[in-house]
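Residue-level structure breakdown
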Amino acid sequence: MSKNLFKYRMYGRRQARKKNNFNTNNKEKNVIEDINSKKIKFLKKNYNILDIGSGSGESTLHLNDRYPDSQIIACDNFKDGNINLSNKILSKKLNNIIIFNGNVLELIDKKIKEDTLDSVWILFPDPWPKKRHSKRRLISSFFIKKLSNLIKKNGHIHIAIDTDFYLRQILIIIHKYRKIFLWENQGFESWEYDDSTLPKTKYYKKAMKFDRIPFYINLKKL
Ligand SMILES: C[S@@+](CC[C@H](N)C(=O)[O-])C[C@H]1O[C@@H](n2cnc3c(N)ncnc32)[C@H](O)[C@@H]1O
């Protein structure tokens with residue numbers, strides 16, 4: 001395995017088990033980009049959003065409605081979800097969203113410049129509950145430190161989580177970086193995931209179905 005393949009190795013599924021009827025045509029290829037794409041870039045002057053683990057794209061479309069003048073990169077390595085979102089982007093004729101098909105770690109290392117992001121969304125990241133898999137969790141001290149260099153002053157990280165052990169891990173990281181990020185919604189009521197203002201994603205609905213209460217965290221870069 002080459003160094004890069006190892007460094008940006010992904011766990012979890014890249015495609016649905018059942019073959020979907022999505023037709024990957026040239027139009028979709030114009031929306032779904034890989035790491036070599038010249039289209040993937042953010043200009044500092046714009047309002048730039050990175051939607052990490054965009055899944056089937058409910059969050060990306062929600063963010064586009066909420067911030068219509070923004071530039072958005074939706075990032076996921078799950079191809080079926082990316083195709084689903086690309087179909088919606090094409091049917092709505094949106095030209096401010098690009099989908100990056102791949103590992104966000106590679107995206108931020110190679111394509112995102114310092115001080116360019118206004119908001120980063122990480123909704124319901126994979127929990128990897130087994131102890132031996134815990135290193136696979138996306139939100140780590142290392143990852144938040146990396147993001148901190150890319151986010152503009154007063155920019156935000158929005159996180160939603162529905163497992164206690166991952167929440168605990170994230171709270172420890174928030175405490176560690178308390179001089180870099182202010183945890184804005186520390187009040188008990190404001191932890192609630194308000195689905196009238198936040199996206200009702202597939203994994204939000206799953207959490208509700210199984211009575212797991214989602215916890216919302218809003219961090220502001222100081
Ligand atoms: C549990 S799903 C949540 C999807 C969506 N945010 C939602 O709330 O329905 C987590 C998603 O993150 C993606 N993912 C996990 N690690 C990733 C990484 N390093 N880079 C890009 N996507 C990643 C997975 O492929 C999966 O689609």
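Anyway, here's the lowdown on the structure attached to this text. (Residues numbered from 1 in each chain as written. Predicted model: local features only at pLDDT ≥ 70, side-chain atom pairs only at ≥ 80, totals over all residues. Heavy atoms only, no water.)

Tallying secondary structure elements over the chain gives eight helices and eight strands in all. Per-residue burial for the chain yields a buried fraction of 46% across its 222 residues. For the chain, restricting intrachain contacts to residue pairs at least 6 apart in sequence, the fraction spanning at least 24 positions comes to 80%. (Helix = DSSP H or I, 4+ residues; strand = E, 2+ residues; numbered from the N terminus. Buried < 20%, exposed > 50% of the residue type's maximum accessible area, 1.4 Å probe, protein only. Contact = heavy atoms within 4.5 Å.)

For the coordinates displayed, the defined rule picks out seven salt bridges. Across the pair D115 and K44 runs a salt bridge, and its minimum N-O distance is 3.2 Å. Taken together, the positions of D115 in the loop between α5 (104–110) and β5 (117–123) and K44 in the loop between β1 (32–33) and β2 (48–52) put the pair 71 residues apart, joining distant regions of the chain. Assessed through its relative accessible area of 30%, D115 is described here as partly exposed. Across the pair R212 and D162 runs a salt bridge, and its minimum N-O distance is 3.1 Å. Highlighted residues: R212 in the loop between α8 (202–209) and β8 (215–221) and D162 in the loop between β6 (151–161) and α7 (164–176), separated in sequence by 50 residues. (Salt bridge = Lys/Arg side-chain N within 4 Å of Asp/Glu carboxyl O.)

This part covers the environment of Y216. Note that Y216 resides in strand β8. Sequence separation of Y216 and E192 is 24 residues, and the distance between their C-alpha atoms is 5.9 Å. Leaving out residues up to four positions away in the same chain, Y216 has contacts with H158, I159, N185, S190, W191, E192, Y193 and L198. Among the polar contacts made by the side chain of Y216, one reaches the side chain of H158 at a distance of 2.8 Å. (Polar contact = N/O pair within 3.5 Å; in protein donor to acceptor, adjacent residues only side chain to side chain.)

This part takes up the site of the ligand. Inspection of the region around the ligand gives 16 residues, with G53, D76, N77, L123 and T201 positioned closest. Between a nitrogen atom of the ligand and a side-chain N or O atom of N103, the distance comes to 2.8 Å. V104 places a main-chain nitrogen or oxygen 2.9 Å from a nitrogen atom of the ligand. Looking at the shell around the ligand, the elements that each hand over two or more residues are β3 (71–76) and α8. Counted by class, the shell around the ligand contains eight nonpolar, five polar and three charged residues. (Near = heavy atom within 4 Å. Nonpolar A, V, L, I, M, F, W, Y, C, P; charged D, E, K, R; others polar.)

Coordinates in, geometry out; function isn't part of it.
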